[in-house]
Amino acid sequence: MELGIYSFAEMPVTDQKSLAGAKRLDELMDEIVLTDEIGLDVYAIGEHHRPDFAVSAPTIILGAAAVKTKNIKLASAVTVLSSEDPVRVFQQFSTIDLLSHGRAEIMAGRGSFIESFPLFGYDLNDYDALFSEKLELLLELNKSEKVKWQGEFRAPLNNIGVYPRPFQDHIPVWVAAGGTPASAVRAANLGLPLALAIIGGSPDQFIPFIDLYKNTWAKSSHADKPIQIGINCHVFISESSQKAADDFYAPYAEVMSRIGRERGWGPMNRGQYESMRSAHGSLFVGSPQQVIDKMMHIKEIFGNTRFLSQMSVGPIAHDLVMNSIELFGKEVAPIIRKTT
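The structure presented is a predicted model; accordingly, all values stated were derived computationally and were not measured.

Cut-off values and rules
- Residues numbered from 1 in each chain as written.
- Predicted model: local features only at pLDDT ≥ 70, side-chain atom pairs only at ≥ 80, totals over all residues.
- Heavy atoms only, no water.
- Core = buried A, V, L, I, M, F, W, Y, C linked by side-chain atoms within 4.5 Å.
- Buried < 20%, exposed > 50% of the residue type's maximum accessible area, 1.4 Å probe, protein only.
- Helix = DSSP H or I, 4+ residues; strand = E, 2+ residues; numbered from the N terminus.
- Contact = heavy atoms within 4.5 Å.
- Salt bridge = Lys/Arg side-chain N within 4 Å of Asp/Glu carboxyl O.
- Expected span 1.5 Å × (residues − 1).
- Bend = angle between axes of the 7 residues up to and from the residue.
- Axes fitted to C-alpha atoms, helices over the stretch in contact; angles between N-to-C directions.
- Parallel < 35°, antiparallel > 145°, perpendicular 65-115°, else oblique.
- Left-handed = near helix turned anticlockwise from the far one by under 90°.
- Nonpolar A, V, L, I, M, F, W, Y, C, P; charged D, E, K, R; others polar.

(A) Spatial organisation of the nonpolar core. Counting 106 residues, the largest nonpolar core has Phe 307 and Phe 328 as the members making the most contacts within it. If one sorts the elements of this core by residue count, helix H8 (residues 241-263) sits on top with 9 residues. If near-sequence neighbours (up to four positions away) are discounted, Phe 328 is found in contact with Leu 3, Gly 4, Ile 5, Leu 40, Ile 237, Met 295, Phe 307, Ser 309, Met 311 and Ala 333.

(B) Structural detail: the environment of Lys 214. Within the element layout of this structure, Lys 214 appears in helix H7 (residues 207-218). Separated by 36 residues in the primary sequence, Lys 214 and Gly 178 place their C-alpha atoms 16 Å from one another.

(C) Inspection of the pattern of salt bridges at higher detail. Using the criterion set out here, one finds 22 salt bridges in the structure. Here Arg 110 makes a salt bridge to Asp 128, at a shortest N to O gap of 2.7 Å. Residue Arg 110 is located in the loop between strand E5 (104-109) and helix H4 (116-119), and its partner Asp 128 is located in helix H5 (residues 127-143); the two are separated by 18 residues in the primary sequence. A relative accessible area of 35% places Asp 128 in the partly exposed class. Between Glu 140 and Lys 143 there is a salt bridge, with its nearest N and O atoms 3.1 Å apart. Within this pair, Glu 140 and its partner Lys 143 are both found in helix H5, separated by 3 residues, close to a single helical turn. With relative accessibility at 28%, the residue Glu 140 sits in the partly exposed group.

(D) View of H8. With 23 residues, H8 ought to run about 33 Å at 1.5 Å a step, and its terminal C-alpha atoms sit 31 Å apart, in line with that. Considering bend angle alone, the principal kink of H8 is centred on Tyr 249 and spans about 40°; proline Pro 251 follows within four residues of it. Positive phi appears at Gly 264, one or two residues downstream of H8, with a value of about 85°.

(E) Spatial organisation of the side chain of Thr 59. Tracing the sequence through the fold places Thr 59 in helix H2 (residues 58-68). You can call Thr 59 buried: its relative accessible area is 15%. Residues within four places of Thr 59 in sequence aside, it is in contact with Gln 92, Phe 93 and Ile 96.

(F) The packing of helix H3 (residues 86-100) against H5, seen in detail. Orientation of H3 relative to H5, taken along the N-to-C sense of each, is 40°, at an axis distance of 9 Å. Classified by the angle their axes make, H3 and H5 are oblique. Where H3 crosses over H5, the two elements pack in a sense that is right-handed. Note on element contacts: H5 touches H3 through Lys 134, Leu 137, Leu 138, Leu 141 and Asn 142, opposite Pro 86, Val 87, Val 89 and Phe 90. Taken together, the residues of the contact of H3 with H5 sort by class into 7 nonpolar, 1 polar and 1 charged.

This is the structure we're talking about:
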């Protein structure tokens, strides 16, 4: 099973946004380099267009990471494809692939935040249609140097070459989902790997979603090809369960309560948090052994081939995140790789 880290580069609440942004990106590069040095497999960067996240252009971060790292795969998490131009997405990731000598990946999704739609002049009523059409074009660009294509939301391409071409034969493209059945069906019918984000409830409740993906795949024209399933979760590790719980709670509750206010949820309290940390909850927060046990359960119920951990959730101290990454790479990863 591939193991890695993903980050949205969350920003601290401060009036000195430019200074805080520079500091946060310095920290982010430290986290990426450490992930590579300790032998993890993947680092993925999210895309957001809000003041509480430092990265709106993940391809620039990934390009910088390409020249600072040697082994890890470099992915988006996610590329909000509905409000992007697939031609530019392909060109940017091809460039990252060349810089990294074949380590770029695209995790394409519709996004759980909507700020990019008005920002780039798209109608939210076209939410799904935009993603479907643009994913189709991206896959065509990935297959062929010259493409003849016409759609509803973009100017047509009439046998035009798109450059540069990537170092790999094709850039791996994953479909990112949050549990919508149509996303599982789409990914399976297209023969694409599926990345599922589990950030609430119980992982067990997503068994039908993953089963739908597997069953649709089994009935498709590419049923003989191996399935790839990624699970993305909030993870934080410390030397003891209590220290992990105490260190992670305040920043986690802050960000979840802040986003909750926007979406009509109530504020998070410690009781809810501890329930989410329990054996069958969605939070992987605890000692290395606790995280190992929960990851083994995930592997058992989903048969996933990848697991990505988001550790910098909310305004958590950089040194704590670095320690968590190190424990993940040095204490959790060897056991997971040995037993899966």
